[in-house]
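One-letter residues, chain by chain:
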Amino acid sequence: QVQLVESGGGLVQPGESLRLSCAASGSIFSISTMAWYRQAPGKQRDLVGSITSGGTTDYADSVKGRFTISRDDSKNTVYLQMNSLKPEDTAVYYCSAEVKIGRWSRPYAYWGLGTQVTVSS
């Protein structure tokens, strides 16, 4: 099957930066859209941003200008560069990838288990 593993979370002060990574592994034929979501305590999981296989990105208004998504298809990895972090960015961050396991298979969305990001002074 397919596994997604996030890394890079941690505790930072307001204004600092973090870079999250999410590596996909397993029976992968191709990956189309990759995305980052986040879920704060007591809140729903929200989309942070996404990147298509062609490199087109889209971001939530709350992170535009501060966060950047990129991908390295040679490593089946998506990144989330987070700058100028705010306390309200505190959440568990999850990555998702639409994966085909074969040429004729339908894409399926796989999820990682998440990584905690805490922004606090």
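In this text the structure is predicted, and so the values were computed from the model without any measurement.

1. Points about the overall build of the protein chain
In terms of helices and strands, the protein chain carries 0 helices and 11 strands. If you list the helices and strands of the protein chain from N to C, you get β-β-β-β-β-β-β-β-β-β-β. Taking 121 residues into account, the globule formula puts the C-alpha radius of gyration at 14 Å, and the protein chain, at 14 Å, falls close to it. Across its three principal axes, the protein chain shows a C-alpha extent of roughly 50 × 25 × 25 Å. Within the protein chain, residue pairs in contact and separated by at least 24 positions form 55% of the contacts whose partners lie at least 6 positions apart. For the protein chain, the accessible area works out to roughly 6,600 Å², and carbon and sulfur atoms hold 48% of it. For the protein chain, the separation between the mean place of its 12 positive charges and that of its 10 negative charges on side chains is 5 Å.

2. Remarks on the sheet that holds strand 8 (residues 77–82)
Strand pairing in a sheet is mediated by backbone hydrogen bonds. Such pairs are either parallel or antiparallel. The antiparallel open sheet is built from 4 strands, whose spatial order is 1-3-8-7. Each edge of the sheet is formed by a strand with only one pairing partner; in this case those strands are strand 1 (2–7) and strand 7 (67–72). Between one strand axis and the next, the sheet turns by 15° as a mean value, whatever way the strands run. The pairing of strand 1 with strand 3 (residues 18–26) spans 6 bridges and is classified as antiparallel. Directly across from Gln3, in strand 3, lies its bridge partner Ser25.

3. Digging into the nonpolar core
Within the largest apolar cluster, 28 residues are counted, with the highest numbers of intra-cluster contacts made by Leu4, Trp36, Phe67, Val78, Leu80, Met82 and Tyr93. Mapped by element, the contributors of at least two residues to this core are strand 1, strand 3, strand 4 (30–39), strand 5 (46–51), strand 7, strand 8, strand 9 (91–100) and strand 11 (115–119). With 5 residues, strand 9 is the largest single contributor of residues to this core. If near-sequence neighbours (up to four positions away) are discounted, Tyr93 is found in contact with Glu6, Leu20, Trp36, Tyr37, Arg38, Val48, Phe67, Leu80, Met82, Gly114, Thr115 and Val117.

4. Quick look at the packing of aromatic side chains
As enumerated under the stated definition, the model contains 2 aromatic pairs in all. With a centroid separation of 4.8 Å and an interplanar angle of 50°, the aromatic rings of Tyr37 and Trp111 are classed as tilted. You can see Tyr37 sitting in strand 4 and its partner Trp111 sitting in strand 10 (residues 108–111), a full 74 residues away along the chain. Among the residues examined, Trp111 registers a relative accessible area of 37% and is labelled partly exposed. Relative to Tyr110, the ring of Tyr108 has its centre 4.9 Å away and its plane inclined at 70°; by these criteria the two rings are edge-to-face. Take Tyr108: its relative accessible area is 52%, and that puts it in the exposed class. Note that Arg19 overlies the ring of Tyr79, its terminal NZ or CZ placed 4.0 Å from the centroid. Just above the ring of Tyr94 sits the side chain of Arg45; from NZ or CZ to the centre is 3.6 Å.

Reading the values: rules and limits
- Residues numbered from 1 in each chain as written.
- Predicted model: local features only at pLDDT ≥ 70, side-chain atom pairs only at ≥ 80, totals over all residues.
- Heavy atoms only, no water.
- Helix = DSSP H or I, 4+ residues; strand = E, 2+ residues; numbered from the N terminus.
- Rg over C-alpha atoms; globule rule 2.2 N^0.38 Å.
- Contact = heavy atoms within 4.5 Å.
- Areas by Shrake-Rupley, 256 points an atom, 1.4 Å probe, with all protein chains shown as cover.
- Lys, Arg positive; Asp, Glu negative; His and termini not counted.
- Charge placed at Lys NZ, Arg CZ, Asp CG, Glu CD.
- Pairing = 2+ DSSP bridges.
- Axes fitted to C-alpha atoms, helices over the stretch in contact; angles between N-to-C directions.
- Core = buried A, V, L, I, M, F, W, Y, C linked by side-chain atoms within 4.5 Å.
- Buried < 20%, exposed > 50% of the residue type's maximum accessible area, 1.4 Å probe, protein only.
- Phe/Tyr/Trp six-rings, centres within 6.5 Å; stacked < 30°, edge-to-face > 60°.
- Lys NZ or Arg CZ within 6 Å of the ring centre and 35° of its normal.

By themselves, these observations are geometric and do not establish any function.
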